[in-house]
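In case you want the letters, here they are:
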Amino acid sequence: MELDEVETIAVLGAGNMGHGIAEVAALAGYTVNLRDIKEEFVQNGYDSIEWSLNKLAEKERIGADEAEAALDRVTPLVDLGEAVADADVVIEAVPEKMDIKKEVYGEVEEHAPDRAVFATNTSSLSITELSEVTDRPEQFCGMHFFNPPVRMDLVEVISGAHSSDETLDLITELAESMDKTPVRVRKDSPGFIVNRILVPQMNEAAWILHEDAATMSEVDSTSKYGLGLPMGAFELADQVGIDVGYHVLEYMHETLGDAYEPCPLLAEKVEEGNLGKKSGKGFYDYEDGEGAQVP
Ligand code: 3HC
């Protein structure tokens, strides 16, 4: 398929990444079907897109008419069959668990047209393994956006063992049409490039806190002002979702070895449901409206 044949994109999963990807696709002019398993989830995703578009318009990054037109292009759906029936490209952003993703692909391939290309937004999981549960492993690759998708330029385009050049070219051009900078990742290895670097950094920050070697705000100040990163390690963990980072680490620990053992503090946060900004509390408390207090 050529880029100019892509009209409809189905985005599966309306969480932090899913709704952000849907927003980016709608801003680029595509018709978007945003799907999640519950009405409440998909509505939350849709509301977040509306919030974000309004914020972008308020900051004059886009025009108010552009914001309105983009929102009009998004249809929130619960029915998976309906969401993918006309899709030229399916971008999957469901939870970072191999079993969940495999189950979703089993269902998607039953309803998606033969021409549809599948792109997974997985943060770390094997593209090859996921592609092999579908009927079209050559029309399958990774398309990994960063949080928040509407503000982050990079997209990793990851080749699985079976991804065809045509598929990789299409997804690379699709990312460019969304005003993103695609980077081709040749090797399908856990965490690809960015998360192989970034997630261990979050884990190390958690170990420092766990060992009482420094406070959260000391760690965050040094990552911002010493390492020159836009957010402190704990601020970023809250932004990305502590559960997302933890699941990536679990997978990297399982596949790459003990250097990636998740800090118990991360498991505790996930068990308590303190997942970061999206749940109102993570390492920092956002419920009081103050968020992270980093000097
Ligand atoms: N849509 C619209 N506006 C948004 C937004 C969104 N999704 N998210 C935040 N904003 C708004 C904020 O509400 C704030 O508005 P306010 O000033 O009215 O309160 C404003 O944007 C802040 O934007 P600024 O440009 O003024 O601030 P920054 O210069 O700090 O930029 C940032 C914000 C681009 C998020 C920057 O802090 C940044 O780059 N952070 C690092 C993010 C990062 O590294 N992401 C990658 C994570 S790794 C990942 O996602 C991979 C996964 O697989 C784990």
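Residues numbered from 1 in each chain as written. Predicted model: local features only at pLDDT ≥ 70, side-chain atom pairs only at ≥ 80, totals over all residues.

Q: I'd like a description of the site of the ligand, backed by residues and values.
A: Around the ligand, the surrounding shell holds 18 residues, and the nearest of these are Ser52, Ser123, Asn147, Pro148 and Pro230. Broken down by secondary-structure element, the contributors of at least two residues to the shell around the ligand are α2 (39-58), α8 (194-210) and α10 (233-240). Considering only residue class, the shell around the ligand consists of 11 nonpolar, 5 polar and 2 charged. Looking at which domains feed residues into the shell around the ligand, each of domain 1 (3-185) and domain 2 (195-279) gives three or more. (Near = placed C-beta within 6 Å. Helix = DSSP H or I, 4+ residues; strand = E, 2+ residues; numbered from the N terminus. Nonpolar A, V, L, I, M, F, W, Y, C, P; charged D, E, K, R; others polar. Domains from an automatic or database assignment.)

Q: Tell me about the domain arrangement of the protein chain, and please be specific about residues and values.
A: Partitioning the protein chain into domains gives domain 1 (3-185) and domain 2 (195-279). Computed over C-alpha atoms, the centres of domain 1 and domain 2 are 26 Å apart. Grouping the constituent residues of the side of domain 1 that touches domain 2 by class yields 1 nonpolar, 4 polar and 2 charged.

Q: How would you summarise the sheet that holds strand β5 (residues 117-120) if you had to cite specific residues and measurements?
A: Pairing is mixed across the open sheet formed by 8 strands, whose spatial order is β3-β2-β1-β4-β5-β6-β7-β8. Here the strands that pair on one side only, and so sit at the sheet edges, are β3 (74-77) and β8 (181-185). When the angles between neighbouring strand axes are averaged without regard to direction, this sheet yields 25°. The pairing of strand β2 (residues 31-35) with β3 spans 4 bridges and is classified as parallel. Along β3, the bridge assignment pairs Val32 with Val74. This element, α2, spans β2 and β3 of the sheet and lies at about 160° to β3. (Pairing = 2+ DSSP bridges. Axes fitted to C-alpha atoms, helices over the stretch in contact; angles between N-to-C directions. Contact = placed C-beta atoms within 7 Å.)

Q: Mind laying out the pairing of β5, listing which residues take part and the relevant values?
A: Residues Val117 and Ala119 point to one face of β5 and Phe118 and Thr120 to the other, with burial holding for every one of them. Where the polypeptide runs from strand β4 (residues 89-92) across helix α5 (residues 98-111) and back to β5, its parallel neighbour, the crossover connection is right-handed. By the bridge criterion, 3 bridges tie β5 to strand β6 (residues 140-144) in an arrangement that is parallel. Across the sheet, the residue bridging to Thr120 is Gly142, located in β6. (Buried ≥ 20, exposed ≤ 12 C-beta atoms within 10 Å, placed from the backbone. Right-handed = clockwise from strand over helix to strand, strands pointing away.)

Q: Requested: an account of the packing of helix α9 (residues 216-225) against α10, with residues and values cited.
A: Where α9 meets α10, the closest approach of the two axes is 7 Å, and the angle between their N-to-C directions is 95°. Judged on the interaxial angle alone, α10 and α9 are roughly perpendicular. Residues Met216, Val219, Asp220 and Ser223 of α9 touch α10, and the partners they reach there are Ala233, Phe234 and Glu235. Of the residues that constitute the contact of α9 with α10, the class distribution is 4 nonpolar, 1 polar and 2 charged. (Parallel < 35°, antiparallel > 145°, perpendicular 65-115°, else oblique.)

Q: For the nonpolar core, give the residues involved together with the corresponding values.
A: As a rule of thumb, nonpolar side chains are buried together in soluble globular proteins. With 85 residues, the main nonpolar core has Val11, Ala25, Val89, Val90 and Ile171 as its most contacted residues. Composition of this core by domain shows at least three residues from each of domain 1 (3-185) and domain 2 (195-279). Excluding its chain neighbours within four sequence positions, the residues that come into contact with Val11 are Gly18, Ile21, Ala22, Ala25, Val32, Leu34, Ile91 and Ala93. (Core = buried A, V, L, I, M, F, W, Y, C linked by C-beta atoms within 7 Å.)

Q: If you had to explain the pairing of strand β1 (residues 8-12) to someone new, which residues and values would you point to?
A: Extensive coverage of β1 is indicated by the burial of 5 of its 5 residues. On β1, burial covers both faces: Thr8, Ala10 and Leu12 on one face and Ile9 and Val11 on the other are all buried. The pairing of β1 with β2 spans 5 bridges and is classified as parallel. Each residue of the ladder has a partner; that of Ala10, found in β2, is Asn33. Traced from β1 through helix α1 (residues 16-27) to β2, the parallel crossover comes out right-handed.

Q: Would you mind going over unusual backbone geometry in detail, with residue names and values included?
A: The step from Asn147 to Pro148 runs through a cis peptide bond, and the omega angle for that step is 0°. A positive phi angle is found at Asp179, which is not glycine, with a value near 70°. Among the secondary structure elements, Asp179 is positioned in the loop between α7 (165-177) and β8.

Q: Got a sec to walk through the confidence of the model for the protein chain? Specific residues and values, please.
A: Summarising the model, the protein chain shows a mean pLDDT of 96, and 98% of its residues fall at 70 or more. Overall fold confidence (pTM) sits at 0.95, and the ipTM for the predicted complex is 0.94. (pLDDT = per-residue confidence, 0-100.)

Q: Quick one: what's the story with the environment of Ala67, residue by residue and with numbers?
A: Among the secondary structure elements, Ala67 is positioned in helix α3 (residues 64-72). The spacing of Ala67 and Val183 is 116 residues in sequence and 28 Å in space, taken between C-alpha atoms. Excluding anything up to four places from it in sequence, Ala67 contacts Leu53, Asn54, Leu56, Ala57 and Ile62.

Q: An account of the environment of Pro113 is requested, with residue identities and associated values reported.
A: When you line up the elements, Pro113 lands in the loop between α5 and β5. Accessibility expressed as a C-beta count within 10 Å gives 12 for Pro113, which makes it exposed. Each C-alpha atom, one on Pro113 and one on Ala87, is 7.0 Å from the other, the two residues being 26 residues apart in sequence.

Q: Quick rundown of α7? Include the residues and the values.
A: Helix length check: α7 (13 residues) gives 18 Å between terminal C-alpha atoms against 18 Å at 1.5 Å per residue, within 8%. By the burial criterion, the buried members of α7 are Thr167, Leu168, Leu170, Ile171, Leu174 and Ala175. When α7 is viewed along its axis, its buried side chains cluster within an angular range of 160° and face the same direction. Buried residues along α7 sit in contact with β4, β5, β6, β7 (154-158) and β8. (Expected span 1.5 Å × (residues − 1). Arc of directions from axis to C-beta.)

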